[in-house]
Amino acid sequence: MDAPKPYEIPKKLVLEAYARVKQNRGAAGVDGQSIEAFDADAKDNLYKIWNRMSSGSYFPPPVKAVEIPKKAGGIRILGVPTVADRVAQMVVKMTLEPEVEPIFHPDSYGYRPGKSAAQALKVTRERCWRYDWVLELDIKGLFDNIGHGLLMRAVQWHTENPWVLLYIERWLTAPFQRKDDTIEAREKGTPQGGVVSPLLANLFMHYAFDTWMARNHPEQPFARYADDGVVHCRTEAQAEGLKSELVERFAKCGLELHPTKTRVIYCQDSNRRERNENVTFDFLGYGFRPRLAMNKTGGYFVSFAPAVSSNAQKAMREAMHEWRLAHRTDTTLEEIARRINPIVRGWIQYYGQFYRSEMREVLDHLNWLLSQWVRRKFKKYRHQRRAMHWLGRIARLQPALFAHWQMGAIPAGG
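Fair warning: this is a prediction, and the values are worked out from it, not measured in the lab.

Colleague: Would you mind going over the packing of aromatic side chains with me for this structure?
Modeller: Here the distance between the centres and the angle between the planes together describe a pair of aromatic rings. In the structure shown here, the tally under the stated rule is 20 aromatic pairs. On the numbers, 5.7 Å between centres and 75 degrees between planes, the contact of Tyr286 with Phe354 is edge-to-face. Here Phe354 lies in the loop between helix H12 (333–351) and helix H13 (360–377) and Tyr286 lies in strand E10 (residues 286–294), a separation of 68 residues in the sequence. Taken individually, Tyr286 and Phe354 each receive the classification buried, so the pair is uniform in this respect. Judged by centre distance (5.7 Å) and plane angle (10 degrees), the ring pair of Trp323 and Trp347 falls under stacked. Of this pair, Trp323 sits in the loop between helix H11 (310–322) and H12 while Trp347 sits in helix H12; the two residues are 24 residues apart in sequence, bridging distant segments of the chain.

Colleague: How should I be thinking about empty space enclosed by the protein in this particular structure?
Modeller: Over the atoms a probe the size of a water molecule is rolled, and this reveals where empty space is left. Under the defined criterion, the tally for this structure stands at two cavities of 30 Å³ or more. Quantified by volume, the largest cavity comes out at close to 80 Å³. Every residue lining the largest cavity is listed: Val63, Pro81, Asp85, Gln89, Trp171, Leu172, Ala174, Thr190, Pro191, Gly194, Val196 and Ser197. Taken together, the elements giving at least two residues each to the lining of the largest cavity come down to helix H4 (83–100) and helix H8 (162–173).

Colleague: Help me understand the layout of surface pockets in this model?
Modeller: A volume near 430 Å³ is recorded for the second largest pocket. The wall of the second largest pocket is formed by 21 residues, among which Asn24, Met90, Gly193, Gly194 and Val195 lie closest to the centre. When residues of the lining of the second largest pocket are traced back to their parent elements, those giving at least two are helix H1 (11–24), strand E2 (75–80), H4 and helix H9 (197–216). Element by element, the count of residues in the lining of the second largest pocket is highest for H4, at four residues. Of the residues that constitute the lining of the second largest pocket, the class distribution is 11 nonpolar, five polar and five charged.

Colleague: I would appreciate a short explanation of the environment of Val308 in the present structure.
Modeller: Mapped onto the elements, Val308 comes out in strand E11 (residues 300–308). On the basis of relative accessibility, which here comes to 4%, the residue Val308 falls in the buried class. Along the backbone, Val308 and Leu284 are 24 residues apart, and their C-alpha atoms lie at a distance of 9.3 Å. What Val308 contacts, discounting residues up to four positions off in sequence, is Gly285, Tyr286, Gly287, Gln313, Met316, Tyr351, Glu358 and Met359.

The rules behind each value
- Residues numbered from 1 in each chain as written.
- Predicted model: local features only at pLDDT ≥ 70, side-chain atom pairs only at ≥ 80, totals over all residues.
- Heavy atoms only, no water.
- Phe/Tyr/Trp six-rings, centres within 6.5 Å; stacked < 30°, edge-to-face > 60°.
- Helix = DSSP H or I, 4+ residues; strand = E, 2+ residues; numbered from the N terminus.
- Buried < 20%, exposed > 50% of the residue type's maximum accessible area, 1.4 Å probe, protein only.
- 1 Å grid on protein atoms, 1.4 Å probe; cavity = no way out; pocket = protein on both sides within 12 Å on 5 of 7 lines; lining within 4 Å.
- Points joined across faces, edges and corners; volume = space filled by probe spheres on them.
- Nonpolar A, V, L, I, M, F, W, Y, C, P; charged D, E, K, R; others polar.
- Contact = heavy atoms within 4.5 Å.

Given below as structure tokens:
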């Protein structure tokens, strides 16, 4: 029988936390332990987590620092906790989230149960039709720059749970371990990649931005997804004024708006006659700009609408090249389809929500890459035209083979 512990943490909660971590998968942390290795002795590993957390003796190990290239250039540092630490963080998240989730703003969409990027895009699309101007927000390094003092004040406002407060403080100061094994102390931020970090970032932004906007500018609706956001305004002057106010507001909270990426955008369409050099912005992988549309009677007009952004298209093409399909001549077309279909289907489902036709160029590029596989696989189809012709014929015989063929992106030829 276990001796009484200072903190009452149900063993069932630890088991449920592990089930979620296991479902989410993820890479190994500084100890090199994978989900599979942890699972091989899960009973003992989970008991140790429960025992240490309940006794107050759990101290998180360093967070593995992984450098991730940004789409727009530069490096983002992703913090990868160990599997055991992810379980511990999930225990705290599952305890704190029900306390703070009810107070979050309805237009905060990132990393929340029942909220999604698709919802943020839909409401932004509709508001662009009602409001002429948009303030595009770009917060520099939100996860890296959150002040620990302000964040802990917010956490303490919503919970008195002593072990939740204890472990959040310990996670905030857990050091980074670099690739060369050097240890780097952290005095601010919450590692992007941690299980509890998105919840903490949302709580910080709830007070830094969401409630501030609701209190000071209730007439200007916004949509925020973690550190990415847009605010809708009636006039250019209103948008410029808000931009200046937010620079000051975020500075008081220890954050900075990117000086060139935070922009005022004019939502130009057939009914808006003003001229402005900024008529496009990106939000959650979509490019919002004037686009040709058709009305119910078959007439054309210009609508300010979203479609897959050029940056997202570039990222998808780069991912396709990393598959090195042309070099997989030891496999079959069916095996290639099984491997890439889940990824391609996910792209189509997300980026095909609005103006799906804009996905066609990317999917045609995938067909071209598949044709390179055909050219290498079969000697008699070494010429590009013959390879594409053969691929087109297969697509018409087996249109369900590839996810993008199912939506009509059939190769030319055949």
